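Below, each chain spelled out in residue letters.
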Amino acid sequence: KKSTDSAFLFLFLTKLTHNARNLDTGAINMTKFSTKLNQGEFVITTELTPPKGTDLGTLLKTAGDLKNHVDAFNVTDSHNARMSLSPLAAASALVQAGLDPILQMTTRDRNRIALQSDMLGAGYLGVENLVCMGGDPPHLGDHPDAKPVFDFSTLELLDAASKLTTGVDSTGNKLNASPVFNIGAVVNPGADNLDKEIERLKEKIDNGARFFQTQAIFDKHAFEDFCNRVASFNLPMIAGILPVKSA
């Protein structure tokens, strides 16, 4: 199966417990991906990296080739801190093509005004799935002199996204209409300090996360142990599988 050069293949382990099917999405017009998560079904996604430029032809062709094999497409936000086309633009193009994007929102490059503005834009354009994270530090990318922003923490970004769905912004100002979001976050089952990672996961849930995507899994036994420890949260846990190109 074709994928982009930087594609992650995510195999979604969404039914940690039977209660996963009872998630309250808070929305009536949910996407296929959201519906499957809500029902505790097994789903597959792949990651697409927007190009450095304005030609989305290759990305859309790849998505079209994979549409019968995956349920949604993660759209990265300047992956590895390498400047690329706006993920919101790419996600909108996928929506227009009848596909289901998961928009990555990072706190690295934008302040809280810009982040909330982009999330409202996503809602208007029909992008419902968000996954919130910090993002790779700029000095690791192709603009090493860029200044990191990190005005919001990941927890604050999750909270802001959640508040937008209730009709207010992060400071309580009312919106004239609310977006519909399926809000996710990331977690690392292979963290050196797993207790701290799970505490962080709890905080993300408290701030609005309703599903999680993991870092690449290399030790299935460690992942099984992690799943057992977080099963009581009754939320979809998305296992990241990173294909080895040289294999």
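In this text, all values refer to a predicted model and were calculated from it rather than measured experimentally.

J.: What is the right way to look at helix α2 (residues 57-66) in this model?
T.: Side chains three or four residues apart in an α-helix point the same way, a direct result of the helix having 3.6 residues per turn. Within α2, burial applies to Leu59, Thr62, Ala63 and Leu66. Along α2, the residues classed as buried sweep out an arc of 100 degrees about the axis, all on the same side.

J.: I would appreciate a short explanation of the environment of aspartate 142 in the present structure.
T.: Here aspartate 142 is to be found in the loop between β5 (129-133) and α5 (154-166). Classification of aspartate 142 as partly exposed rests on a relative accessible area of 28%. In the structure, aspartate 142 is positioned 62 residues away from asparagine 80 in sequence and 8.7 Å away in space, judged by C-alpha atoms. Apart from the residues within four sequence positions on either side, aspartate 142 is in contact with Lys52, Ala81, Arg82 and Met83. A polar contact of 2.8 Å, which involves the side chain of aspartate 142, links it to the side chain of lysine 52.

J.: I'm lost on the packing of aromatic side chains in this one. Help?
T.: Centre-to-centre distance and the angle between the planes together describe a pair of aromatic rings. Considering all chains together, one arrives at 2 aromatic pairs under this definition. Ring centres of phenylalanine 33 and phenylalanine 211 lie 5.7 Å apart, and the angle between their planes is 85 degrees; this geometry places the pair in the edge-to-face category. Here the residue phenylalanine 33 occupies a position in helix α1 (residues 32-38), and phenylalanine 211 occupies one in strand β7 (residues 211-216), the gap between them amounting to 178 residues. Exposure remark for phenylalanine 211: the relative accessible area of 0% places this residue in the buried category.

J.: Please explain the pattern of salt bridges as it appears in this structure.
T.: In a structure, side chains of opposite charge can pair up when their charged atoms sit close to one another. Scanning the entire structure with this criterion turns up 11 salt bridges. Of the charged contacts in the structure, one is a salt bridge between aspartate 77 and arginine 110, with a shortest N-O distance of 2.3 Å. In this pair, aspartate 77 is assigned in the loop between β3 (72-75) and α3 (87-96) and arginine 110 in the loop between β4 (101-106) and α4 (112-124), connecting sequence segments 33 residues apart. For aspartate 77, a relative accessible area of 7% translates into the label buried. With its nearest N and O atoms 2.8 Å apart, the salt bridge here joins arginine 112 to aspartate 151. Residue arginine 112 is found in helix α4, and its partner aspartate 151 is found in the loop between β5 and α5; the two are separated by 39 residues along the sequence. Using a relative accessible area of 33% as the deciding quantity, one classes arginine 112 as partly exposed. Look at the salt bridges and you will find they share partners, linking Asp77, Arg110 and Asp118 into a network.

J.: Would you take a moment to explain the nonpolar core for this structure?
T.: When a protein is soluble and globular, its nonpolar side chains tend to lie buried together. By size, the foremost hydrophobic cluster in this structure holds 47 residues, and its most contacted members are Phe73, Leu94, Leu103, Met119, Leu201, Phe212 and Phe226. Among residues more than four places away in sequence, those in contact with phenylalanine 226 are Val187, Pro189, Leu194, Ile198, Leu201 and Met237. By size, the runner-up hydrophobic cluster in this structure holds 9 residues, among which are Phe33, Val43, Phe211 and Ile238.

J.: What is the right way to read the packing of α4 against α5 from this model?
T.: The description of two helices packed together rests on the angle between their axes and the distance between the axes. Following both chains from N to C, one finds α4 and α5 inclined at 45 degrees, their axes separated by 11 Å at the closest point. On the basis of the axis angle, α4 is oblique to α5. Two packed elements cross with a definite hand, and for α4 against α5 that hand is right-handed. Only Leu157, Ala160, Ala161 and Leu164 of α5 make contact with α4, whose side of the interface consists of Leu115, Gln116, Met119 and Leu120. When its residues are assigned to classes, the contact of α4 with α5 shows 7 nonpolar, 1 polar and no charged.

About the thresholds
For every chain, the first residue of the written sequence is number 1, and numbering continues from 1 along that sequence. This being a predicted model, a pLDDT of at least 70 is required before a residue's local features are given, and a value of 80 or more before pairs of side-chain atoms are given or counted; all residues contribute to the totals for chains, interfaces and linings. Calculation of side-chain values draws on the structure's entire complement of heavy atoms; hydrogens and water are dropped beforehand. To sort residues, take the accessible area from a 1.4 Å probe on protein chains only and compare it with the maximum for the residue type: under 20% means buried, over 50% means exposed, and anything in between is partly exposed. Only DSSP runs of H or I with at least four residues qualify as helices, and only runs of E with at least two residues qualify as strands; both kinds are numbered from the N terminus onward. The arc in question is traced by the directions running from the helix axis to the C-beta atoms. By the convention used here, residues are in contact when the closest approach between their heavy atoms is within 4.5 Å. In the analysis that follows, any N or O atom pair within 3.5 Å is treated as a polar contact, provided that within protein one partner can donate a hydrogen and the other can accept it, and provided that, for residues neighboring in sequence, both atoms belong to side chains. Paired rings are identified among Phe, Tyr and Trp, the last through its six-membered ring, by centres lying within 6.5 Å, and are further divided according to the angle between planes into stacked (under 30 degrees), edge-to-face (over 60) and tilted (the rest). Basic side-chain nitrogens of Lys or Arg form a salt bridge, by our definition, when they fall within 4 Å of a carboxyl oxygen of Asp or Glu. Think of a nonpolar core as a cluster: buried Ala, Val, Leu, Ile, Met, Phe, Trp, Tyr and Cys residues, connected wherever their side-chain atoms sit within 4.5 Å. Axis definition: a line fitted to C-alpha atoms, over the contacting stretch in the case of helices. Angles run 0 to 180 degrees between N-to-C directions. Any angle that falls under 35 degrees is termed roughly parallel, while one over 145 is termed roughly antiparallel, one within 65 to 115 roughly perpendicular, and all others oblique. By the definition used in this description, the sense in which the near helix is turned from the far one sets the handedness, with an anticlockwise turn below a right angle giving left-handed and a clockwise turn giving right-handed. We call Asp, Glu, Lys and Arg charged. Ala, Val, Leu, Ile, Met, Phe, Trp, Tyr, Cys and Pro are nonpolar, and the rest, Gly among them, are polar.

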